[in-house]
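# Reading the structure
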Amino acid sequence: MGDYVIRGTAADGQIRAFACDVTLSVEEGRMRHDSSPVATAVLGRTMAAAAMLSCDLKDKDESITISIAGNGPLGKVIAIGDGAGRVRGYVQNPKVDLPPKSKGHLDVARAIGIGVMSVIKDLGLKEPYIGTTHLVSSEIGEDLAYYFAESEQIPSAVALSVLMTPEHTVWTAGGYLIQLMPGATEETAAILEERVKKFPQLSHFLAEGHTPEEVLAILLENMDFKNNGQVPYHFECDCSKHRFANGLASLGEKELTTLIEEGQPIETTCNFCGQKYYFTVDELKAIRAGSRR
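The notes below deal with the structure included here. (Residues numbered from 1 in each chain as written. Predicted model: local features only at pLDDT ≥ 70, side-chain atom pairs only at ≥ 80, totals over all residues. Heavy atoms only, no water.)

A count of helical and extended segments in the protein chain gives 10 helices and 12 strands. For 293 residues, the compact-globule estimate of 2.2 N^0.38 gives 19 Å, and the C-alpha radius of gyration of the protein chain, at 21 Å, lies within 12% of that figure. Across its three principal directions, the C-alpha atoms of the protein chain cover 70 × 45 × 35 Å. The buried share of the protein chain, taken over its 293 residues, is 51%. For the protein chain, the share of sequence-separated contacts (at least 6 apart) that also reach a separation of at least 24 residues comes to 63%. Accessible surface, the protein chain as shown: approximately 14,400 Å² in total, 51% of it carbon and sulfur. For the protein chain, the centre of its 28 positive side-chain charges and the centre of its 39 negative side-chain charges are spaced 6 Å apart. (Helix = DSSP H or I, 4+ residues; strand = E, 2+ residues; numbered from the N terminus. Rg over C-alpha atoms; globule rule 2.2 N^0.38 Å. Buried < 20%, exposed > 50% of the residue type's maximum accessible area, 1.4 Å probe, protein only. Contact = heavy atoms within 4.5 Å. Areas by Shrake-Rupley, 256 points an atom, 1.4 Å probe, with all protein chains shown as cover. Lys, Arg positive; Asp, Glu negative; His and termini not counted. Charge placed at Lys NZ, Arg CZ, Asp CG, Glu CD.)

Put into structure tokens, the structure is as follows:
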């Protein structure tokens, strides 16, 4: 089975719940970026979150971007999920590696450092919605929960996980997001909090072969979970040579003239998928001519 997000409600609409398996997508991202284990863990957690946040989008051109800007060695981290079931992401410095913490856990927090998380919702309106909060743990899951509490006033439980093999490939990648809706009772909140505390370590639970459905079945047992279906996801980038040409046009006439006078074709590379696009001098001249109009 491929990657997917399962979504639903529970407790008569008091709870909204999501869980995902994005193992194949994260492994595709790891291969494209040739990322280190800790960089892959950060990339995978962020991609899992982007998939769950975007699975309810109505239009294929709508998207949700999670951007993390920390002062750690990884640099900027971005993941995008869209209404077409595509997810992609990149880490600015994917080769960074760090010694593991105790018990062999990857040191995600140190790799990210102190900084901010932004969630950008592009819903086809004139301007996208952007919400930004400080990182509270730099583990991504807790930071996303804090974002929801502060920016959207939605109490949330978030767990994101990437488990690597000894060969540094992706064994499992997934997560869950459970949110209390307006009107949720204190009893419901207390039950959910206790379930989250008792839930096994997510990476090992998924590595044992358990599914996102089983994740929610345990967390929402006897809470009348209503399954609203699966949304399939896959790693895919929406880059194109036309988009890169528009990016070159935005450089302005002076910068384009400098590139043309160098007399050599230029190579551009997509940060998300690694696809390379080449522009000849004649193509650069055409882009410059178009930017003058």
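Right, picking up where we left off after that structure.
If you walk through the whole model with that rule in mind, you get 5 aromatic pairs. An angle of 85° between the planes, with centres 5.0 Å apart, marks the rings of tyrosine 90 and phenylalanine 272 as edge-to-face. Residue tyrosine 90 is found in strand S5 (residues 86–91), and its partner phenylalanine 272 is found in the loop between strand S11 (266–269) and strand S12 (276–279); the two are separated by 182 residues along the sequence. You can call tyrosine 90 buried: its relative accessible area is 13%. A ring pair is formed by tyrosine 176 and phenylalanine 199, whose centres lie 5.8 Å apart and whose planes are at 70°; its orientation type is edge-to-face. Of this pair, tyrosine 176 sits in strand S9 (residues 170–180) while phenylalanine 199 is found in the loop between helix H5 (186–198) and helix H6 (202–207), placing the two residues 23 residues apart along the sequence. Using a relative accessible area of 4% as the deciding quantity, one classes tyrosine 176 as buried. The structure contains a cluster of three or more aromatic residues connected by ring pairs, namely Tyr176, Phe199 and Phe205. Lysine 241 extends its terminal NZ or CZ atom over the ring of phenylalanine 279, reaching a point 5.0 Å from the ring centre. (Phe/Tyr/Trp six-rings, centres within 6.5 Å; stacked < 30°, edge-to-face > 60°. Lys NZ or Arg CZ within 6 Å of the ring centre and 35° of its normal.)

The subject of this paragraph is the side chain of glutamine 14. Tracing the sequence through the fold places glutamine 14 in the loop between strand S1 (3–10) and strand S2 (15–21). Accessibility expressed as a relative area gives 17% for glutamine 14, which makes it buried. Look past the residues within four positions of glutamine 14 in its chain and what remains in contact with it is Gln179, Leu180, Met181, Gly183, Ala184, Thr185 and Thr188.

This paragraph deals with the environment of alanine 48. Checked against the element boundaries, alanine 48 lands in helix H2 (residues 37–54). Remark: the alpha-carbon pair of alanine 48 and phenylalanine 205, spanning 157 residues in sequence, is separated by 16 Å. Not counting chain neighbours up to four residues away, the residues in contact with alanine 48 comprise Cys20, Val22, Leu160 and Gly174.

Attention now moves to the packing of helix H1 (residues 23–33) against H2. Two elements in contact, H1 and H2, have axes separated by 10 Å at closest approach and are oriented at 140°. The angle between the axes of H1 and H2 places the two elements in the oblique class. The hand of the H1/H2 crossing is right-handed. Every residue of H2 that contacts H1 at Ser25, Val26, Gly29, Arg30 and His33 is listed here: Thr40, Leu43, Gly44 and Met47. Of the residues contributing to the contact of H1 with H2, the split by class is 3 nonpolar, 5 polar and 1 charged. (Axes fitted to C-alpha atoms, helices over the stretch in contact; angles between N-to-C directions. Parallel < 35°, antiparallel > 145°, perpendicular 65-115°, else oblique. Left-handed = near helix turned anticlockwise from the far one by under 90°. Nonpolar A, V, L, I, M, F, W, Y, C, P; charged D, E, K, R; others polar.)

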